[in-house]
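# Structural overview for review
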Amino acid sequence: MQLKPFGQTNLTVTPLGLGLAALGRPGYINLGHAKDLNHSYDVTAMEAHAHTVLDAAWDAGIRYFDAARSYGRAEAFLASWLQSRHIDPTSVTVGSKWGYTYTADWQITVPAGQKHEVKDHTLPVLQRQWQESQKLLGNQLNLYQIHSATLDSGVLDDTAVLTHLAHLRNTGTVIGLSLSGTGQADTLWRALEIEFDGQLLFGSVQATWNILEQSATAVLTAAHEAGLGVIVKEALANGRLTTRNQAPDFQPQMHTLTHLAQQHHTTVDALALTAVLHQPFVDVVLSGAAQTDHLLSNVAALQVEWQPELAEILLGMGEETAVYWQTRSNLPWN
Ligand SMILES: NC(=O)c1ccc[n+]([C@@H]2O[C@H](COP(=O)([O-])OP(=O)(O)OC[C@H]3O[C@@H](n4cnc5c(N)ncnc54)[C@H](OP(=O)(O)O)[C@@H]3O)[C@@H](O)[C@H]2O)c1
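Thresholds applied
- Residues numbered from 1 in each chain as written.
- Predicted model: local features only at pLDDT ≥ 70, side-chain atom pairs only at ≥ 80, totals over all residues.
- Near = placed C-beta within 6 Å.
- Helix = DSSP H or I, 4+ residues; strand = E, 2+ residues; numbered from the N terminus.
- Nonpolar A, V, L, I, M, F, W, Y, C, P; charged D, E, K, R; others polar.
- Buried ≥ 20, exposed ≤ 12 C-beta atoms within 10 Å, placed from the backbone.
- Pairing = 2+ DSSP bridges.
- Contact = placed C-beta atoms within 7 Å.
- Axes fitted to C-alpha atoms, helices over the stretch in contact; angles between N-to-C directions.
- Parallel < 35°, antiparallel > 145°, perpendicular 65-115°, else oblique.
- Left-handed = near helix turned anticlockwise from the far one by under 90°.

## A look at the site of the ligand
Around the ligand, a shell composed of 36 residues is seen, among which G19, S178, K233, G288 and A290 lie nearest. Listed by contribution, the elements that provide at least two residues to the shell around the ligand are α1 (33-36), β14 (284-287) and α10 (292-299). The leading source of residues in the shell around the ligand is α10, at three residues. When its residues are assigned to classes, the shell around the ligand shows 10 nonpolar, 19 polar and seven charged.

What follows is the structure, encoded as structure tokens:
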């Protein structure tokens with residue numbers, strides 16, 4: 001896989017990256033997560049499983065890895081993998097995130113009224129989580145992102161937080177933000193206005209973009225043109241763009257996708273990822289695979305030939321933004 005510059009940062013990335021949200025903890029919101037882990041939640045077994053998938057990603061050429069403080073032990077599993085494989089810090093790019101604290105206590109579901117992760121975008125959380133991330137990843141950590149920044153969380157107006165992020169940027173860490181929900185575009189437009197010392201604070205953005213949810217296209221294009229590195233997450237709509245999606249109301253689209261995949265000698269997931277890989281504003285597309293065979297099926301996206309007729313059909317499958325995010329929020333933790 002070809003290494004390329006990550007926006008105008010000093011980092012390099014590969015077109016596909018691996019996200020560790022499904023590998024670092026027993027519970028996650030995507031289709032079929034419980035089955036992926038074979039219902040085996042022993043910490044040592046989960047660490048070994050994460051290392052197996054990371055090995056497969058490395059062998060496939062993937063050199064960008066995405067974690068977060070709230071992904072259970074994802075940072076720790078990534079750190080132990082990097083160490084045990086003697087991976088030179090300069091040969092990979094590692095991003096993590098702060099702003100959510102993992103509170104699921106290694107459970108798949110949590111009691112009513114409790115949460116899997118608690119959001120808090122204030123300075124004390126940034127300072128605490130930065131120390132925690134540093135302790136695990138040290139100089140391997142290249143990119144630190146606000147986890148799911150929104151306008152209403154106030155984080156983009158919090159001078160104390162922004163000043164601290166500028167300090168981290170000035171000491172060598174690329175600062176980014178990830179986005180979620182119907183307000184992705186508005187949040188990023190606001191983030192693109194924030195400067196410190198005559199320079200944009202944010203060097204990268206991680207957003208949801210896939211053939212069903214394309215509402216951030218214009219702002220991601222602007223971010224890319226402004227020099228930000230652009231990471232796309234949820235490129236498979238959390239598994240909805242894979243053959244495991246049996247939802248009756250999605251079967252007409254699945255029929256089209258399956259037919260096209262056959263025509264192009266590929267898989268449905270690879271086809272959906274190809275559409276993202278070919279957007280001009282995209283630097284890295286995350287695979288969220290928790291199984292090696294799924295990861296390899298995702299990597300096959302790099303072989304699919306992108307043709308105008310294919311683009312027209314795939315990009316014509318967009319859903320209304322509000323409907324997309326409502327469907328997303330109905331996915332259960334499993
Ligand atoms: N706000 C944020 O910052 C934020 C939010 C969400 C995600 N992320 C990042 O983005 C990454 C990717 O997100 P995601 O995992 O939610 O989204 P995704 O890539 O859209 O979906 C991943 C799902 O697709 C399934 N899948 C992939 N290939 C498959 C195949 N060939 N057959 C069947 N199923 C297949 C995976 O199954 P298996 O697990 O069985 O392989 C998993 O359930 C995360 O790991 C995380 O790093 C960030």
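## Focus: the pairing of β14
If a strand is regular, its side chains alternate between the two faces of the sheet. Going residue by residue along β14, you find V284 and L286 tucked away on one face and V285 and S287 tucked away on the opposite face as well. As judged from the three bridges shared by strand β3 (residues 16-19) and β14, these two strands associate in the parallel manner. Across the sheet, the residue bridging to L16 is V285, located in β14. Note that strand β13 (residues 229-233) and β14 share two bridges and pair parallel. When the bridges of β14 are listed, I231 appears paired with V284.

## Here we look at the environment of Y41
Positionally, Y41 belongs in the loop between α1 and α2 (43-60). For Y41, a count of 15 C-beta atoms within 10 Å translates into the label partly exposed. A C-alpha to C-alpha distance of 5.9 Å links Y41 and P26, two positions 15 residues apart in sequence. Once residues within four sequence positions are removed from consideration, Y41 is found in contact with P26, M46 and W106.

## Quick look at the packing of α2 against α10
Interhelical geometry of α2 versus α10 gives an angle of 25° and a closest axis separation of 9 Å. The orientation of α2 with respect to α10, classified from their angle, is roughly parallel. Where α2 crosses over α10, the handedness of that crossing is right-handed. For the pair α2 and α10, the contacting residues are T52, V53, A56, A57 and A60 in the first and T292, L295, L296 and V299 in the second. In terms of residue class, the contact of α2 with α10 is built from seven nonpolar, two polar and no charged.

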